[in-house]
Amino acid sequence: MTQLEHQDDNSEASGLKKDAQKAGARVGLTSDEIIINGGRPLMGRIEVRGAKNLAPKAMVAALLGKTPSVLRNVPNVSDIRVVAGLLALHGVLVTRGEEPGEWRFDPSNVEIAHHADIDAHAGSSRIPILFCGPLLHRLGEAFIPDLGGCRIGDRPIDFHLDALRKFGAVVEKLPSGISLTAPNGLHGANIELPYPSVGATEQVLLTSVLAKGQTELRNAAIEPEITDLICILQKMGAIITVEPNRVIFIEGVEELRGYDHRALFDRNEAASWASAALATKGDVFVGGARQEEMMTFLNVFRKVGGDFDIQDDGIRFFHPGGELKPVTIETDVHPGFMTDWQQPLVVALTQAEGVSTIHETVYENRFGFTDALNKMGANIEVFRDGLHDENRRVKRREFEQAAVISGPTPLKGAEIEVPDLRGGFSYLIAGLTAEGQTKVTNLGIISRGYENFIEKLRLLGADFVFEG
Ligand code: EPU
């Protein structure tokens, strides 16, 4: 089985293979590698589906219902398969609906799964941590395997475990994962997160909706994916009030039913293709993208010199000509500039006239990908302590925190290995922007968050060889 096997349109791979064979041009790539001939603008239309950072969590929510749930617009990315596997292990009947991207979950017969079977999913995703509350409600116990996800910092789960303990869970750390019980059931709690963590906010929501009594969550994350999860829980019968200043108030209910919901679009994927359009001097219509959830990105895109046209069914992102301009950005929680947007944008900034600064405040180590860009001709300096250190949330000084990008620097082809999801997509953009050939290896990581990206590159007229 190849790492890219799940990409559901094999016609791309076979089409390219045929072309390459006809031309006698097979170059012996593995299915995890691509060769990009850079310098051609990306032009055309692609579609984005539901958010990778919402859909798997909506699937976990289905465990809380007494009746089946339907989730629409589900992207074909690996977290979905991990969560579907874990749900099935716990007795949830998981089926595909008729519509593309439609999944159905029947939780009528939820049951305890064998630790060894759960353990098979160790290291594959971060989503399993969100099974804690729903499994405790349904079964009185939960076993969570070791987590996976991108290596972009420590990514601890202390906020999750502290919150679960406040609800009454007893947490035991085992060599292979975490075991939880709730001897006296779960009850509402007063929780203040040390930082507005997306995952910990979801943990609290998924646990509090069926907990006895009321929960007040302060310093909550308010990302659009969180709002969409709240909408799903409300459809299920939950009572959740979002108050000003990051306060969420949840009144526990006796039971919940299933939902029917269309997942919010993937704004991170949309922003990635927008950055690709800008860096390659292209023109890309991202079907399914919406303005509201991308306002902060759109402002920065415009400041850098990109332009966009907002339509009912998507957003057209294009390079209107002229020089790109440098920007200073600090990544932040919503409604700030998302950390997931910075890596693809950095490639466009290597083409801007002047000095740009990106200060990463969400993760401690999200600039490792810049080494390869420097190898390709970029001029990016990374400062371990950030550029100023007052009121920094992340105090650990051994990590890299700020990048200064001096441009414009023409990029030239190189062989580069994908380090993490967003860094990986930025390498595709770098290859598309560079003069000559770029070989990008370890592509499997990109398919964790970008559905059918090979097919989308083809649709946008990219010149590449992929033999997967
Ligand atoms: N943190 C803690 N303790 C915790 C939880 C978080 O210290 O218990 C720290 C993290 O180490 C990090 C910060 O809080 O420094 C923010 O982490 P958060 O919990 O908000 O992130 P997450 O839920 O693990 C999700 C997305 C990320 C996205 C972040 C921020 C998913 C599956 N992942 O991660 O997406 O960057 O929120 O918006 O939803 C990506 O898509 O490439 C990606 C990494």
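Preceding this section is the structure that the text describes.
Being a predicted model, the structure only gives us computed values, none of them experimental. (Residues numbered from 1 in each chain as written. Predicted model: local features only at pLDDT ≥ 70, side-chain atom pairs only at ≥ 80, totals over all residues. Heavy atoms only, no water.)

Undergrad: Mind showing me how you'd approach the sheet that holds strand β15 (residues 307–311) here?
TA: By way of backbone hydrogen bonds, the strands of a sheet pair with one another, either parallel or antiparallel. If you trace the four strands from one edge of the open sheet to the other, you get β2-β14-β16-β15, paired in mixed fashion. In this open sheet, the two strands that pair with only one neighbour each are β2 (43–47) and β15. Each neighbouring strand pair of the sheet contributes to a mean axis angle of 15°, computed without reference to strand direction. The pairing of β15 with strand β16 (residues 314–318) spans five bridges and is classified as antiparallel. (Pairing = 2+ DSSP bridges. Helix = DSSP H or I, 4+ residues; strand = E, 2+ residues; numbered from the N terminus. Axes fitted to C-alpha atoms, helices over the stretch in contact; angles between N-to-C directions.)

Undergrad: I tried to follow the site of the ligand on my own but got confused; where do I start?
TA: The local shell around the ligand holds 25 residues, among which Lys 57, Asp 158, Ser 197, Val 362 and Arg 422 are the closest. Within the side chain of Lys 52, a nitrogen or oxygen atom sits 2.8 Å from an oxygen atom of the ligand. A distance of 2.7 Å separates a nitrogen atom of the ligand from a polar side-chain atom of Asp 158. When isolated, the ligand has an accessible area of 830 Å², and the protein chains bury 92% of it. For the shell around the ligand, the elements supplying multiple residues, two or more each, are α6 (158–166), α7 (198–208), α11 (339–349) and α13 (421–433). By residue number, the principal contributor to the shell around the ligand is α6, which donates three residues. Looking at side-chain class alone, the shell around the ligand contains eleven nonpolar, five polar and nine charged residues. (Near = heavy atom within 4 Å. Polar contact = N/O pair within 3.5 Å; in protein donor to acceptor, adjacent residues only side chain to side chain. Areas by Shrake-Rupley, 256 points an atom, 1.4 Å probe, with all protein chains shown as cover. Nonpolar A, V, L, I, M, F, W, Y, C, P; charged D, E, K, R; others polar.)

Undergrad: Is there a simple way to think about the sheet that holds strand β1 (residues 33–37) in this case?
TA: The four strands are arranged β21-β22-β1-β23 in an open sheet whose pairing can be described as mixed. Each end of this open sheet is capped by a strand with a single partner; those strands are β21 (415–417) and β23 (463–465). Averaged over neighbouring strand pairs, the angle between their axes works out to 25° when direction is ignored. Note: β1 against β23, three bridges, orientation antiparallel.

Undergrad: How should I be thinking about the packing of helix α9 (residues 267–279) against α13 in this particular structure?
TA: In helix packing, the relevant descriptors are the interaxial angle and the interaxial distance, both defined with respect to the helix axes. Running from amino to carboxyl end, α9 crosses α13 at an angle of 20°, the nearest separation of the two axes being 9 Å. As the angle between them shows, α9 and α13 are arranged roughly parallel. Judged by the sense of rotation from one axis to the other, the crossing of α9 with α13 is right-handed. Taking contact as the criterion, the partners of Asn 268, Glu 269, Ser 272, Trp 273, Ser 275, Ala 276 and Ala 279 in α9 are, on α13, Arg 422, Phe 425, Ile 429 and Thr 433. Partitioned by chemical class, the residues of the contact of α9 with α13 number five nonpolar, four polar and two charged. (Parallel < 35°, antiparallel > 145°, perpendicular 65-115°, else oblique. Left-handed = near helix turned anticlockwise from the far one by under 90°. Contact = heavy atoms within 4.5 Å.)

Undergrad: Got a minute to help me understand the packing of aromatic side chains in this structure?
TA: Centre-to-centre distance and the angle between the planes together describe a pair of aromatic rings. A full pass over the atoms with the stated rule returns nine aromatic pairs. Ring centres of Phe 297 and Phe 317 lie 6.4 Å apart, and the angle between their planes is 75°; this geometry places the pair in the edge-to-face category. With Phe 297 in helix α10 (residues 295–304) and Phe 317 in strand β16, the pair connects residues that are 20 residues apart, well separated along the chain. In this pair, the class of Phe 297 matches that of Phe 317, namely buried. Geometrically, the ring pair formed by Phe 301 and Phe 317 is edge-to-face, given 5.4 Å between the ring centres and 80° between the ring planes. Residue Phe 301 is located in helix α10, and its partner Phe 317 is located in strand β16; the two are separated by 16 residues in the primary sequence. (Phe/Tyr/Trp six-rings, centres within 6.5 Å; stacked < 30°, edge-to-face > 60°. Buried < 20%, exposed > 50% of the residue type's maximum accessible area, 1.4 Å probe, protein only.)

Undergrad: Any chance you could explain unusual backbone geometry here in plain terms?
TA: Leaving glycine aside, a negative phi is the common case for residues, and trans is the common case for peptide bonds. Each neighbour pair has its own omega, and for His 334 with Pro 335 the value is 10°, a cis peptide bond. The omega torsion across Gly 407 and Pro 408 is 0°, close enough to zero to call that bond cis. Tracing the backbone through its elements, the reader meets Pro 408 in the loop between β20 (402–407) and β21. Backbone geometry places Lys 281, a non-glycine residue, at a positive phi of 60°. Accessibility expressed as a relative area gives 58% for Lys 281, which makes it exposed. Within the chain, Asn 452 stands out as a residue other than glycine whose phi angle is a positive 50°. Along the chain, the position of Asn 452 falls in the loop between β22 (437–441) and α14 (453–459).

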